[in-house]
Amino acid sequence: MEKIALTIDGLNIVADKGMTVLETALRNGIYIPHLCYHPDLKPSGVCRLCLVEVGDEQLVTSCRMKVEQGMVIKTKSPEVDKVRRAIVELLIADHHTDCRNCPSSGQCELQRIMASLHISVKRMRPLKWAREELPRDTSNPFFDYDPNKCVLCGICVQTCEVVQGTSSLYFVGRGYGTKVAFFANKSRCESCRQCVARCPVGALIPKTVR
Amino acid sequence: MVNRQRMILVCQGTGCISGGAEQLLSSLKREVAKLNLGESIEVKRTGCHGFCQRGPLVVTEPEGFFYSKVKPDDITEIARSQLPGGKPVERLFYRDPITDMPIPYYRDIPFYSRQQRTVLRNCGNIDPEDIEDCLAVDGYQGLRKALHEMTPEQIIREVKQSGLRGLGGAGFPAGRKWEACRRAPGDEKYVICNADEGDPGAFQDRSIMEGDPHSVLEGMITAGYAIGAKQGFIYVRAEYPLAVKRLRVAISQARNKGFLGRNILGSGFDFDIEIFQGAGAFVCGESTALVLSIEGKRGMPKPLPRPRTAEVGLWGKPTLLNNVKTFCNIPLIIIHGSEWFAAKGTERSKGTAVFSLTGKVVNNGLIEVPMGITLREIIYDIGGGIPGGKAFKAVQTGGPSGGCVPASLLDMPVDFDSLTAAGSMMGSGGMVVMDEDTCMVDIARYFLNFTRRESCGQCVPCRVGTKQMFDILDDITQGQGRLEDIDLLLELGEAVARSSLCALGQTAPNPVLTTIRYFRHEYEAHIHEKKCPAGICQALSSPQGLN
Amino acid sequence: MEKREERLLREILSFYKGQQGELIPILLQVQANFGYLSEKARKLIARFLSITEGQVYSIASFYSQFRLVPLGKKRVTICRGTACHIRGAPRILEATEKVLGLKEGETSSDLEYTLETVACFGCCALAPCIRINKNVHGEMTPEKVKELFPHLK
């Protein structure tokens, strides 16, 4: 395997050719916040949290950036922090924050990211909180979907497609109204529950847990 | 086609049709037949003349009399004016809005006399549904020359040397795109014409497709030959039924004449074009989203880093994607040469720019001007200034990706780089004039409402950021603004611009950022004094007590 | 779906090859004939293209042209383009909502009218504009809106 030498946050690192910057960083114990990345899936690059600085202040998603010889990566910088913090705050203002009553509390990626960036709900920017409470989708026999907690990372949609070969989870709608929807016809869902297991937040919850 | 000496041209653009121009055309034909003038006079349908606001428009040739706001009752008189010794219908002449003097001739009307119509050369002059008419004005001569006298490399060199930049918004050098696509490995390649004109307030692509569809086809076929493609697509917005109809007619006529299909003009080159109708998604103007849409998927742009569409595009094949106007320039560059083209415009922005001039301006319509002309010349000389003696406030270019340029920059030259430096952009060519009665906070809110609705929804900053910015702006216009809101908008705007996945999100904050930059006092009046200086925001008091 | 409608739908599909790239043209054509994309129609289209109904729904719901519920006979569309906006489109929308007794996006219970808005239909020089089915009416005022629906007073 061809080796690539690069620098991440001042550390000299050797990676295999073809790896992404995010994989390389995580493997070397450098945490880059991420929500839509999953090691078994194609990186979709939509949560924008893994943005890092490459060379001259250009921001790129590290999940899609392949390592290159001599690359200089900064996973933290005033520029990166500013943008990343804003994205997290936008997500939080748009998300249920009743963590105490959420079954995913403690295993939630969003909580982990908030902690890593020292973001507390009380000291956030004065954003407008989501006013509308969206109804839960309980049509699946095995799990419920809560759009108020969904961050639309797409991991469940892709997982269903990859694991089952054919999918019963889809994105529907557009823009701010986008949701994940379950199409239950002919019980395509094999109740493998991979989607639930991989949900980084508490949007997909098994029916047994209440 | 019979070449008659005299012609009555009746505009059949979408604007004029909405004023009843279809009925005018048929009654005029009947009237001319009734007067037994059918042998000597041709009543002809044309595409858009550009001066839509004065429509329905009728022009008589060879004199060039220009009749505006023509009604069914005027038909008899116009037809009779064509009788030997007939007099022009003076009451239908365009009148100068300031002096009220009638201006009989097309060429003397300031709206037209200051323009430089090259891309729009045939719009309003030829029958868009008759290829013979197009051939009579050198249609397909560029293609003939390209196929018979030039190699693909020579064509690309010519396009590169002309300095033509993509006229869809971003201004990427067209020749470089063509070259990348030519060099990309693979036998199967595609040419796509982006006619998904989605900017609200822009209709130049629509008018060109309605008025001169063959120039678009000719540019695409030439491009196909240059990059080595056999198939082209025109991606047309669903909202443009007339453009689709005219393109269909044009494609079938071009096939019959051997400009499309197998062995075009005996050159051995095969190429065909299909129309693909969009289904209503602004984001599909973005190249990767447009390609996904043709493939039958959700039009969600692909994030960087990724290969360029010129290398990996439709069905994974190298794909050349250019705007309608970019293709229209190609036949001219081939016929007249790159030097002729490069002589127009400025150092870094060559050629002409087509704008849809609308809003609070006396003359609304479609115009074409050399790059580098000033905003003042466009708005005051061509546009005739602001109606009702009101004061100019700003001009918006670039649609939802652009910004509002204030009066202090009226003498700025209009080209790609100057507009970008002012915080706006060339965009696809919308130019909306705003007067003192326009509230700039309301305009920012308006555009964020648009991007919020049109965001594809996949990336967080664009999906949630535009919604958040809209909510803040909405509250400000409702009198609920907070002291910290201006800074908050600036911070969010910067974050959304820097972190969004595609150009839609990256440029979405521009209308907010430019209005804060140039009209901060209006925001402050809304927030601190709970007043809307323009008297637009109904929840707030206006200084004149207009509510 | 009635037999006759199903026959028409199958006839439409017979012009296509059954590739996913044809989905959007098919949806547009089916909608042009039926006014909207019913569940039955989506099912047949999915089967024809060998994709799932979920995929058809997911894609149709992305594009604003597509309607998943029946529309009124008269589609009243208000342009909210920039030129229309600054020349008073919000007041035109308000007036139309009042005349029709409908909010944006709603269809009357007798399926007579649907009120919609559109980002721009490119008639900016005639702003503000309103479209009823295929006819565009330019230079509108709230008073002229009332005249467009004389029987609805």
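Here the residue index of a chain counts from 1 through its sequence in written order. Labels follow written order: the first chain is A, the first ligand is 1, and so on. At least 70 in pLDDT is required for a residue's local features to be given in this predicted model, at least 80 for side-chain atom pairs to be given and counted, and no such filter applies to totals for whole chains, interfaces and linings, which use all residues.

Another aspect to go through is the sheet that holds strand E4 (residues 135–137) of chain C. Residues and elements named next belong to chain C. Paired strands, in this sense, are two strands between which DSSP finds at least two bridges. A helix here means a DSSP run of H or I that spans at least four residues, while a strand means a run of E at least two residues long, and both kinds are numbered starting from the N terminus. In space, the 4 strands of this open sheet follow the order E2-E1-E3-E4, with mixed pairing throughout. Sheet topology places strand E2 (113–118) and E4 at the edges, where each strand pairs with a single neighbour. Looking at each pair of strands side by side, their axes are set apart by 20° on average, direction ignored. Note: strand E3 (residues 130–132) against E4, 3 bridges, orientation antiparallel. What sits directly across from Arg131, in E4, is Val136. Strand contacts of helix H6 (residues 89–100): strand E1 (74–79), E2 and E3, with the helix running at about 155° to E1, the strand carrying the most contacts. Whenever a helix is involved, its axis is fitted only over the stretch in contact; in every case the axis is a line through C-alpha atoms, and angles between N-to-C directions fall within 0 to 180 degrees. By the criterion used throughout, residues are in contact when their C-beta atoms, derived from the backbone, lie within 7 Å.

Take the domain arrangement of chain A next. Accessible area lost when the parts come together is the quantity often used to give the size of an interface. Residue and element names in this part refer to chain A. Domain delimitation in this document rests on an assignment produced automatically or drawn from a domain database. Segmentation of chain A into domains returns domain 1 (1–131) and domain 2 (143–206). Just the C-alpha atoms count here: the centres of domain 1 and domain 2 sit 22 Å apart. At the junction of the two partners, domain 1 supplies 17 residues and domain 2 supplies 14 residues. Taken together, the residues of the side of domain 1 that touches domain 2 break down into 10 nonpolar, 5 polar and 2 charged. Three classes are used, and their members are as follows: Ala, Val, Leu, Ile, Met, Phe, Trp, Tyr, Cys and Pro are nonpolar, Asp, Glu, Lys and Arg are charged, and the others, Gly among them, are polar.

A few words now on the interface of chain C and chain A. Each side of the interface is counted separately: chain C has 8 residues, and chain A has 10 residues. Looking at side-chain class alone, the side of chain C that touches chain A contains 2 nonpolar, 5 polar and 1 charged residues.

Here we come to the pairing of strand E15 (residues 430–435) of chain B. Residue and element names in this part refer to chain B. Counting other C-beta atoms within 10 Å of its own, a residue is labelled buried from 20 upward, exposed at 12 or fewer, and partly exposed in the gap between, with every C-beta atom placed from the backbone. Across the 6 residues of E15, 6 count as buried, placing the element largely inside the fold. Residues of E15 alternate between two faces, with Gly430, Val432 and Met434 on one and Met431, Val433 and Asp435 on the opposite face, all of them buried. Relative to E15, strand E11 (residues 352–359) is paired through 4 bridges, and the arrangement is parallel. Counted as the bridge partner of Leu357 is Met431 from E15. Summarising the sheet, strand E13 (residues 392–397) and E15 pair through 5 bridges and their orientation is antiparallel. Bridge assignment links Phe392 to a residue of E15, and that residue is Asp435.

Residue and element names in this part refer to chain B. Partitioning chain B into structural domains gives domain 1 (6–109), domain 2 (131–342), domain 3 (352–435) and domain 4 (440–528). Put simply, the middle of domain 1 and the middle of domain 3, counted by C-alpha atoms, are 29 Å apart. Listed per partner, the contact involves 6 residues of domain 1 and 7 residues of domain 3. Within the side of domain 1 that touches domain 3, the residues separate by chemical class into 4 nonpolar, 2 polar and no charged.

For the rest of this paragraph, the subject is the nonpolar core. Nonpolar cores are built from buried Ala, Val, Leu, Ile, Met, Phe, Trp, Tyr and Cys residues. These are joined into a set through C-beta atoms within 7 Å. Within the largest apolar cluster, 278 residues are counted, with the highest numbers of intra-cluster contacts made by Val10, Leu28, Ile192, Tyr235 and Leu320 of chain B. Sorting elements by how many residues they give to this core places helix H2 (residues 78–93) of chain A first, with 9 residues. Ignoring anything within four residues of it in the chain, the contact list for Tyr235 of chain B reads Ile192, Cys193, Asn194, Ala195, Asp196, Phe276, Gly278, Leu290 and Ile294 of chain B.

Moving on, we get to the sheet that holds strand E5 (residues 72–74) of chain A. Strand pairing in a sheet relies on backbone hydrogen bonds. The paired strands run either parallel or antiparallel. Residue and element names in this part refer to chain A. Read across the open sheet, the 5 strands follow the order E2-E1-E5-E3-E4; overall the sheet is mixed. The two strands at the open ends of the sheet, each matched to only one other strand, are strand E2 (11–16) and strand E4 (58–61). On average, each strand axis in the sheet is inclined to that of its neighbour by 40°, with strand direction left out of account. Across 2 bridges, strand E3 (residues 51–54) lies against E5 in antiparallel orientation. What sits directly across from Val54, in E5, is Ile73. Sitting on the sheet, H2 is in contact with E3, E4 and E5, with an inclination near 160° to E3.

Quick look at the packing of helix H2 (residues 23–34) of chain C against helix H3 (residues 39–49) of chain C now. Residues and elements named next belong to chain C. Following both chains from N to C, one finds H2 and H3 inclined at 150°, their axes separated by 11 Å at the closest point. Overall, the two elements H2 and H3 adopt an arrangement that is roughly antiparallel. The way H2 lies across H3 gives a crossing that is right-handed. Contacts between H2 and H3 involve Leu23, Ile26, Val30 and Phe34 on the former and, on the latter, Ala41, Ile45 and Leu49. Of the residues assigned to the contact of H2 with H3, the class counts are 7 nonpolar, no polar and no charged. By definition in this entry, angles of less than 35 degrees are roughly parallel, angles greater than 145 are roughly antiparallel, angles of 65 to 115 are roughly perpendicular, and the rest are oblique. Take the far helix as the reference: if the near one is turned anticlockwise from it by less than a right angle, the crossing is left-handed, and if turned clockwise, right-handed.

A few words now on the interface of chain C and chain B. Facing the 33 residues of chain C at the interface are 39 residues of chain B. Counting only elements with at least two residues in the side of chain C that touches chain B, the list comes to H2, helix H4 (53–60), helix H5 (82–86) and E4 of chain C. Ranked by residue count, the leading element in the side of chain C that touches chain B is H2 of chain C, at 5 residues.

A word on unusual backbone geometry. In this structure, Pro62 of chain B follows Glu61 of chain B across a cis peptide bond, with omega equal to 10°. Its location among the elements puts Pro62 of chain B in the loop between strand E3 (58–61) and strand E4 (65–67). The omega angle of the peptide bond from Leu304 of chain B to Pro305 of chain B is -10°, so this bond is cis rather than trans. Non-glycine residue Asp9 of chain A carries a positive phi angle of around 50°. As for its position among the elements, Asp9 of chain A is in the loop between strand E1 (3–8) and E2. In this structure Asp9 of chain A comes out as partly exposed when scored by C-beta crowding, with 16 C-beta atoms within 10 Å. Positive phi values are uncommon outside glycine, yet Trp315 of chain B reaches one of about 50°. As for its position among the elements, Trp315 of chain B is in the loop between helix H12 (287–294) and strand E10 (319–323).

Residue and element names in this part refer to chain B. Taken across its 8 residues, E11 has 8 buried, putting it largely inside the fold. Note that E11 and strand E12 (residues 365–370) share 6 bridges and pair antiparallel. Directly across from Val354, in E12, lies its bridge partner Glu368. Counted between consecutive antiparallel strands, the loop separating E11 from E12 contains 5 residues.

So, on to the packing of helix H6 (residues 141–149) of chain B against helix H10 (residues 213–227) of chain B. All names here are of chain B. One way to put it is that H6 packs onto H10 with a least axis distance of 9 Å and a crossing angle of 10°. In this view, H6 runs roughly parallel relative to H10, as classed from their interaxial angle. Residues Gly142, Leu143, Ala146 and Leu147 of H6 pack against Glu218, Ile221, Thr222 and Tyr225 of H10. A per-class count over the contact of H6 with H10 returns 5 nonpolar, 2 polar and 1 charged.

This part covers the confidence of the model for chain A. Predicted coordinates in regions of low pLDDT should not be interpreted in detail. pLDDT: the predictor's confidence for each residue, scored from 0 to 100. Across chain A, pLDDT averages 92, with 97% of residues at or above 70. Here helix H4 (residues 155–164) of chain A stands out as the least confident element of chain A, with mean pLDDT 90; helix H1 (residues 21–27) of chain A is the most confident, with 97.

All right, on to the environment of Gln19 of chain C then. Residues and elements named next belong to chain C. Position of Gln19 relative to the elements: it lies in the loop between helix H1 (3–13) and H2. Its 11 C-beta neighbours within 10 Å are what place Gln19 among the exposed residues. Taking the C-alpha atoms as reference points, Gln19 and Ile51, separated by 32 residues in sequence, lie 9.5 Å from one another.

Tracing the sequence through the fold places Val159 of chain B in helix H7 (residues 152–162). In contact with Val159 of chain B, not counting residues within four places along its chain, are Leu164, Ala174, Gly175, Trp178 and Ile333 of chain B.

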